[in-house]
Amino acid sequence: MNGFVQGNPLLCIGCRTCMIACVVAHEGKRIFEIDPDGYDFHPKLKVVKTWAVSAPVQCKHCENPACLSVCRSQAIYKNDGAVLVAHDKCIGCKSCAEACPFGAIEMVTLCSEQNSDGSPRTVANKCDLCQGLEGGPACLSVCPTEAIRRQDEETLSDTLKRKRVGAAEALLTLGAGDHQSHILKSQSV
Amino acid sequence: MTIEKILSTCVYCGAGCQILFTVDKEKNKILEATGANGVTNQGKLCLKGRYGWDFLNDPQILTKRLTGPLLRKNGRNSPLEPCSWEEAVGFVARRLTEIKKEYGPDSMLVTGSARGPGNEANYVTQKFVRAVLGSNNVDHCARICHAASVAGLLVSLGSGAMSLSVPEIEDAKVIFNIGYNGPDSHPIVARRIVRAKQKGAALIVADPRRTETARISDLHLQLKGGSNLALVNALGHVIIEEKLLDKTFIEAHTKGFEEYRELVKRYSPESTESITGLKPGDVRKAARIYASTKNSVILWGMGVCQFSQGVDVVKSLANLALMTGNFGHSSTGVGPVRGQNNVQGACDMGALPNYFPGYQSVTDKEAREKFEKAWGVKLPDKPGITLTRVPEFVLHPPTPEKKLRAYWVFGEDPAQSDADLSEMRETLHALDLVIVQDIYMNKTAEFADVVLPATSWGEHEGVYSACDRSFQRIRKVLEPPKGVLTDWEIFSRVSTAMGYPMKYKNTEEIWNELIGLCPSFYGATYQKIEKFGAIQWPCRDRNDADRGTSFLHKDGKFATKDGKGVFTAVDWHAPVEVEDQEYPVTLSTVREVGHYSVRTMTGNCRTLRNLEDEPGWVQMNPELCKDLDVKHGELVKLSSRRGFCFSRCFPTERVKKDAVYMTYQWWIGACNELTIGKLDPVSNTPEYKYCACRVEKVEDQNEAERYIKSEYSSIKARMGVDKEVWA
Ligand code: SF4
Ligand code: SF4
Ligand code: SF4
């Protein structure tokens, strides 16, 4: 199963340290030495804030990715448990961005690359789980409130187990009223 | 490559996080900053701590680093030109001496700095003002921030600081968070609130906005702006009426309760509903939860202090803690969480018009004699003028002899941070002498006769005081640019040139002088701070066994003269400038998490600038946006009786329809063009959180966008940004 990083709105304080960390991880520390307009600032996750929620939103690394199936130029591929975009193959058609049910793909304009007509190049941008980068997912490691965790087969199964226990216990009070009162009655006899 | 690891304290807020820098010594460059295991931060950092050191590289995004003194050699209307330190120091010393001779010592005011310089520099500053100028006219930006907390708590409890420490927050059972937006102002303090919640604490938030803390709270009291005191008195009312108070504590440790009980009789949740807009049932519930434990903590920030009734609210919050016995042990009490990294420190060091270092009053004969003896001069016994009254004392002095003539602005930028900017500009124009001491060109420097460049945080040694009274070391990480001096060296040179020789070898020598004069800091030597990482004052003994004090007022023994906590009974009154037909909504100024103060530092950090940049946002309720027909990202015009500015519309249901919110660090979208200079009568803090304003749609968006762009270029040019630097 592909893993993914997931935000927790009960812990997130909306500070967006994770968004900067994502850029620094991908652009490299060189950015602190170059022209302030000479690099791309395109975080691969976005912190969303509504009345009820603040949390980073990023790719779920789907098993059967909608983005991958709509891409006509084979720019999206799976590698070692992650769904990735090959920027050099991306033609900027936006189909993947439209197809993603989570809004996790954004079209971004690159500062140092051009299309064949000389216009600035726009490509699909999404979470790559920091694959190949030292230290693993950068967003997760910098979050001050530990509001981001990696969800993989094991953690997911833990979550599911916990939820099943909760659901089972809820059967005592929810929906099984008649049955339950019957049990209680027979106990009291 | 010589790589070194250097530990220091973050420069961006009172949380006092410890940062470990990896430095390439040969190239004099920081390679990385990571969270170190400090007492408050436990290895975590927010975005400013982690990426906010980039300004030390001088990328010239907003302004340019100053690397040598500047002087208007041919008078006021001539340009600022590079000069030598001898010329600059000579000029300052000569002009101050002339002004002192002609108009007296009280015709000058000098600021301390709550930002990079550190405690030692502030100590030297106030010593210079008191001993050399002969005045108590020294103050700093605590005045526009937590002055109300200091003034209020000194009366109620005898100590103006947080009674508990940051780590204790997470073991609170109840947190009453009022007018405090930790996630934006101190993310690492907010982390403790989140952890308290994880550990089962009940969280009550009183705020007109749905802040992040309000969002995760158990009870959000979304009160009408400007109604704090009505709410706090109503909470007291319920606690008394429902007999939730701690009679034993009140009898043993407090005074003034009867008068308070009489006053709050009038403040039932039902009778205050029309003021606060809160359901009486919610207020009752909040009071019950708050009074239910002995580990209830009250946290507050600017949403309490930046009102014309700030001091009254502070005292009334202390009332709540006093009447429920929430003092005297760990994880309880009151937490005015100090904003800037060293605003606690600048207060500790006596950069205040009424206190010597260590909160020893200038009117106290014994204290004065001690400082007179140590400094070898006669000292003034009359408290000085507060910084927010500078415009009044320049433009409309009470008598012509009392007019202020000279203003030495050290590490602040009043032409950006103070209320009612057009009045501030008029003030700076009308002064005879303006001295600016900073690391960057800034808006105030445009009015300066002389500009004195200093070393930055990261380039000098010293001690900061975190919001919870923790003394922690800052260390020299990089070599400063040639041509700048440490702040304390600048003051020492001017002082010497004025006939009062001051000479210090290093910050430790200054520190030793000052702790020797302050009983509550006496035990906090450099050696001990090094050894234990942080020492919280009071620390009275040099012995290693005295490692400072994590919480104040142990066993209900308060720091007041008679050891009693004092109840204060005060009535609520409405804010000064309320909405009307012409200006139908209220403006409140708030914080942007990724930017700091007047933005000269964070505005010059690449990634922080990427996240948010000029002209900034105005937070508006979606219904208000609909009424005005404005959309997300569109430029809108905001105006008040005092001025106008442009900002981008940010629709959010987290704010109510009657108020809009702007952050104060934008130079183009400068909300302080609109704010009102009306002051709290005791703390002299302006009412930044409430003035009447109007928001208008801008029809020609292209034109407005062009205006923003050209303004930004013009600012950069005026700030000396070198166009060719990245070409
Ligand atoms: S760093 Fe953590 S707390 Fe901050 S926005 Fe990202 S997920 Fe939320
Ligand atoms: S895992 Fe890496 S690529 Fe994905 S959002 Fe986090 S930092 Fe960005
Ligand atoms: S919370 Fe404050 S002290 Fe800590 S890293 Fe952020 S700005 Fe710095």
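Residues numbered from 1 in each chain as written. Chains lettered and ligands numbered in written order. Predicted model: local features only at pLDDT ≥ 70, side-chain atom pairs only at ≥ 80, totals over all residues. Heavy atoms only, no water.

Honestly, the overall build of chain A in this entry has me stumped. Any pointers?
Scanning chain A from N- to C-terminus turns up six helices and eight strands. In sequence order, the secondary structure elements of chain A are arranged as β-α-β-β-α-β-β-α-β-β-α-β-α-α. Taking 189 residues into account, the globule formula puts the C-alpha radius of gyration at 16 Å, and chain A, at 22 Å, lies well above it. Considering only contacts in chain A between residues 6 or more positions apart, those separated by 24 or more positions represent 58%. Of the accessible surface of chain A, which amounts to about 10400 Å², a share of 54% is contributed by carbon and sulfur atoms. If you average the places of the 20 positive and of the 21 negative side-chain charges in chain A, the two averages end up 6 Å apart. (Helix = DSSP H or I, 4+ residues; strand = E, 2+ residues; numbered from the N terminus. Rg over C-alpha atoms; globule rule 2.2 N^0.38 Å. Contact = heavy atoms within 4.5 Å. Areas by Shrake-Rupley, 256 points an atom, 1.4 Å probe, with all protein chains shown as cover. Lys, Arg positive; Asp, Glu negative; His and termini not counted. Charge placed at Lys NZ, Arg CZ, Asp CG, Glu CD.)

Explain the overall build of chain B here, please?
A count of helices and strands for chain B gives 25 helices and 28 strands. A compact globule built from 727 residues would reach a C-alpha radius of gyration of about 27 Å, and chain B, at 25 Å, matches this within 12%. The principal-axis extent of the C-alpha atoms belonging to chain B is close to 70 × 70 × 60 Å. When burial is assessed residue by residue, chain B has 68% of its 727 residues classed as buried. Long-range contacts, defined here as pairs at least 24 residues apart, represent 73% of the contacts in chain B between residues at least 6 apart. Working note: accessible area of chain B is about 24300 Å², and carbon and sulfur atoms make up 51% of it. The distance from the centre of the 94 positive side-chain charges to the centre of the 91 negative ones in chain B is 3 Å. (Buried < 20%, exposed > 50% of the residue type's maximum accessible area, 1.4 Å probe, protein only.)

Any chance you could explain the side chain of B:His140 here in plain terms?
Residue placement: B:His140 occurs in the loop between strand S7 (138–139) and helix H4 (147–157). Those residues in contact with B:His140 that lie beyond four places of it in its chain are B:Gly112, B:Ser113, B:Ala114, B:Val343, B:Ala346, B:Cys347, B:Ala351, B:Leu352, B:Leu387 and B:Glu412.

How do you make sense of the sheet that holds strand S9 (residues 202–206) of chain B when you look at a structure like this?
Hydrogen bonds along the backbone pair up the strands of a sheet, which may run parallel or antiparallel. Residues and elements named next belong to chain B. Read from one edge to the other, the open sheet built from five strands follows the order S10-S9-S8-S12-S13, with strand pairing classed as parallel. Two strands close off the open sheet at either side, each with one partner strand: strand S10 (219–221) and strand S13 (333–336). In this sheet, adjacent strand axes meet at a mean angle of 15 degrees when their direction is disregarded. Where strand S8 (residues 174–178) meets strand S12 (residues 296–300), five bridges bridge the pair, whose relative direction is parallel. Within the sheet, the bridge partner assigned to Ile 178 lies in S12 and is Trp 300. Seen against the sheet, helix H12 (residues 280–290) touches S8, S9, S10 and S12 and runs at an angle of roughly 125 degrees to S10. (Pairing = 2+ DSSP bridges. Axes fitted to C-alpha atoms, helices over the stretch in contact; angles between N-to-C directions.)

Any chance you could explain helix H6 (residues 187–198) of chain B here in plain terms?
Helical geometry note: an α-helix holds 3.6 residues per turn, so side chains three or four residues apart project in the same direction. Residues and elements named next belong to chain B. With twelve residues, H6 ought to run about 16 Å at 1.5 Å a step, and its terminal C-alpha atoms sit 16 Å apart, in line with that. With nine of twelve residues buried, H6 lies mostly within the body of the structure. Among the residues of H6, Pro 187, Ile 188, Val 189, Ala 190, Arg 191, Arg 192, Ile 193, Val 194 and Ala 196 are the ones counted as buried. The inward-facing, buried residues of H6 abut S8, helix H5 (182–185), S9, helix H7 (212–215) and S12. (Expected span 1.5 Å × (residues − 1).)

What should I look at first to understand the interface of chain A and chain B in this one?
Where the parts come together, the accessible area they lose is often given as the size of the interface. Counting residues at the interface gives 34 residues for chain A, matched by 38 residues for chain B. Overall, the association of chain A and chain B removes approximately 3200 Å² of surface from exposure, summing both partners, and the carbon and sulfur fraction of that is 58%. Looking only at chain A, the three residues that lose the most surface to chain B are A:Ile13, A:Phe32 and A:Trp51, adding up to 26% of its buried area. Run the count over chain A and chain B and you get six salt bridges. Measuring nitrogen to oxygen at the nearest pair gives 2.9 Å for the salt bridge that ties B:Lys44 to A:Glu146. Inspection of the chain A/chain B interface yields 22 residue pairs in polar contact (both at pLDDT 80 or more). Among the elements that make up the side of chain A that touches chain B, the one with the highest residue count is helix H1 (residues 17–27) of chain A (five residues). Among the residues making up the side of chain A that touches chain B, the classes are represented as 22 nonpolar, five polar and seven charged. (Buried area = accessible area lost by both parts, 1.4 Å probe. Salt bridge = Lys/Arg side-chain N within 4 Å of Asp/Glu carboxyl O. Polar contact = N/O pair within 3.5 Å; in protein donor to acceptor, adjacent residues only side chain to side chain. Nonpolar A, V, L, I, M, F, W, Y, C, P; charged D, E, K, R; others polar.)

Hey, could you run me through a nonpolar patch on the surface in this one?
Residues and elements named next belong to chain A. Taken together, the side chains of Val 48, Val 57 and Phe 102 make up a nonpolar region of the molecular surface, amounting to roughly 210 Å² of accessible area. Relative to the assigned elements, Phe 102 resides in the loop between helix H3 (95–99) and strand S6 (106–114). On the basis of relative accessibility, which here comes to 38%, the residue Phe 102 falls in the partly exposed class. (Patch = residues over 30% accessible without salt bridge, like charges linked within 9 Å, V, L, I, M, F, W, Y side chains within 5 Å.)

In this structure, what is going on with the pattern of salt bridges? I would like to understand it.
Between side chains of opposite charge, a pair can form when the charged atoms approach closely. Residue and element names in this part refer to chain B. Across all of its chains, the model carries 62 salt bridges over all chains by this definition. A salt bridge links Lys 631 to Glu 634, with the nearest nitrogen and oxygen atoms 3.9 Å apart. The buried category is assigned to Glu 634, whose relative accessible area is 14%.

I tried to follow empty space enclosed by the protein on my own but got confused; where do I start?
To find leftover empty space, a probe the size of one water molecule is rolled over the atoms. Residue and element names in this part refer to chain B. Taken as a whole and assessed by the stated rule, the structure comprises nine cavities of 30 Å³ or more. Reported here for the second largest cavity is a volume of approximately 140 Å³. Lining the second largest cavity are 17 residues, with Gly 116, Pro 117, Gly 411, Asp 438 and Ile 439 positioned closest to its centre. Classifying every residue of the lining of the second largest cavity gives six nonpolar, eight polar and three charged. (1 Å grid on protein atoms, 1.4 Å probe; cavity = no way out; pocket = protein on both sides within 12 Å on 5 of 7 lines; lining within 4 Å. Points joined across faces, edges and corners; volume = space filled by probe spheres on them.)

Which parts of the structure should I look at to understand the packing of aromatic side chains?
By convention here, two paired aromatic rings are described through the distance between centres and the angle between planes. Residue and element names in this part refer to chain B. Enumeration over the complete set of coordinates arrives at 28 aromatic pairs over all chains. Measuring from centroid to centroid gives 6.2 Å for Phe 644 and Phe 646, while their planes differ by 85 degrees, and the two rings are edge-to-face. Residue Phe 644 is classed as partly exposed on the basis of its relative accessible area, which comes to 45%. Members of the aromatic cluster, each reached through a chain of ring pairs, are Tyr 355, Tyr 359, Phe 471, Trp 511, Phe 521, Tyr 526 and Trp 537. Positioned above the aromatic ring of Trp 537, the side-chain terminus of Arg 469 is 6.0 Å from the ring centre. (Phe/Tyr/Trp six-rings, centres within 6.5 Å; stacked < 30°, edge-to-face > 60°. Lys NZ or Arg CZ within 6 Å of the ring centre and 35° of its normal.)

Help me understand the confidence of the model for chain A, please; the structure alone is not making it clear to me.
Where the model shows low pLDDT, its predicted coordinates should not be examined in detail. In this model, chain A carries a mean pLDDT of 91, and residues with pLDDT of at least 70 account for 92%. Predicted confidence for residues 182–189 of chain A stays below pLDDT 50, and this span has zero contacts to residues more than four positions away or in other chains. (pLDDT = per-residue confidence, 0-100.)

Would you mind going over helix H25 (residues 701–718) of chain B with me for this structure?
All names here are of chain B. Taking 1.5 Å per residue as the helical rise, H25 with its 18 residues ought to reach 26 Å, and the 26 Å between its terminal C-alpha atoms agrees with that figure. Listed as buried for H25 are Gln 701, Ala 704, Ile 708, Tyr 712 and Ile 715. On an axial view of H25, the arc spanned by its buried residues comes to 80 degrees, and they lie on one face. With respect to the buried face of H25, the exposed residues turned more than 90 degrees away are Asn 702, Arg 706, Lys 709 and Ala 717. Of the surrounding elements, those touching the buried residues of H25 are strand S25 (635–639) and strand S26 (644–651). Looking at where H25 begins, the residue whose side-chain oxygen comes 3.3 Å from the main-chain nitrogen of Asn 702 is Asp 700. (Arc of directions from axis to C-beta.)

Sorry, what's going on with unusual backbone geometry here?
Working note: non-glycine residues mostly have negative phi, and peptide bonds are mostly trans. Looking along the chain, the bond that leaves B:Trp537 and enters B:Pro538 is cis, with omega of 0 degrees. Mapped onto the secondary structure, B:Pro538 falls in the loop between strand S21 (535–536) and strand S22 (565–566). With omega at 0 degrees, the peptide bond leading from B:Glu614 into B:Pro615 counts as cis. One can find B:Pro615 in the loop between helix H23 (606–611) and strand S24 (617–620). With a phi angle near 75 degrees, A:Lys94 is a residue other than glycine that sits in the positive phi range.

Help me out: how do you make sense of the nonpolar core in this one?
If you look at soluble globular proteins, the nonpolar side chains tend to sit buried side by side. Counting residues in hydrophobic clusters, the biggest one holds 109 residues, and the most contacted among them are B:Leu96, B:Phe128 and B:Trp408. When residues no more than four places from it in sequence are discounted, the contact partners of B:Phe128 are B:Leu96, B:Leu133, B:Trp408, B:Phe491, B:Val494, B:Ser495, B:Met498 and B:Met502. A:Cys12, A:Leu45, A:Val83 and B:Ile439 belong to the second-largest nonpolar core, a separate cluster that totals 99 residues. (Core = buried A, V, L, I, M, F, W, Y, C linked by side-chain atoms within 4.5 Å.)

Just to check I follow, could you spell out the environment of B:Arg266 for this structure?
Following the sequence through the fold, B:Arg266 ends up in the loop between helix H10 (257–264) and helix H11 (269–276). In contact with B:Arg266, not counting residues within four places along its chain, are B:Ser271 and B:Asp571.

So what exactly am I meant to see when it comes to the site of ligand 3 here?
All names here are of chain B. Around ligand 3, the surrounding shell consists of Cys 10, Tyr 12, Cys 13, Ala 15, Gly 16, Cys 17, Leu 45, Cys 46, Lys 48, Gly 49, Pro 187 and Ile 188. Those elements that place two or more of their residues in the shell around ligand 3 are helix H1 (47–51) and H6. Partitioned by chemical class, the residues of the shell around ligand 3 number nine nonpolar, two polar and one charged. (Near = heavy atom within 4 Å.)

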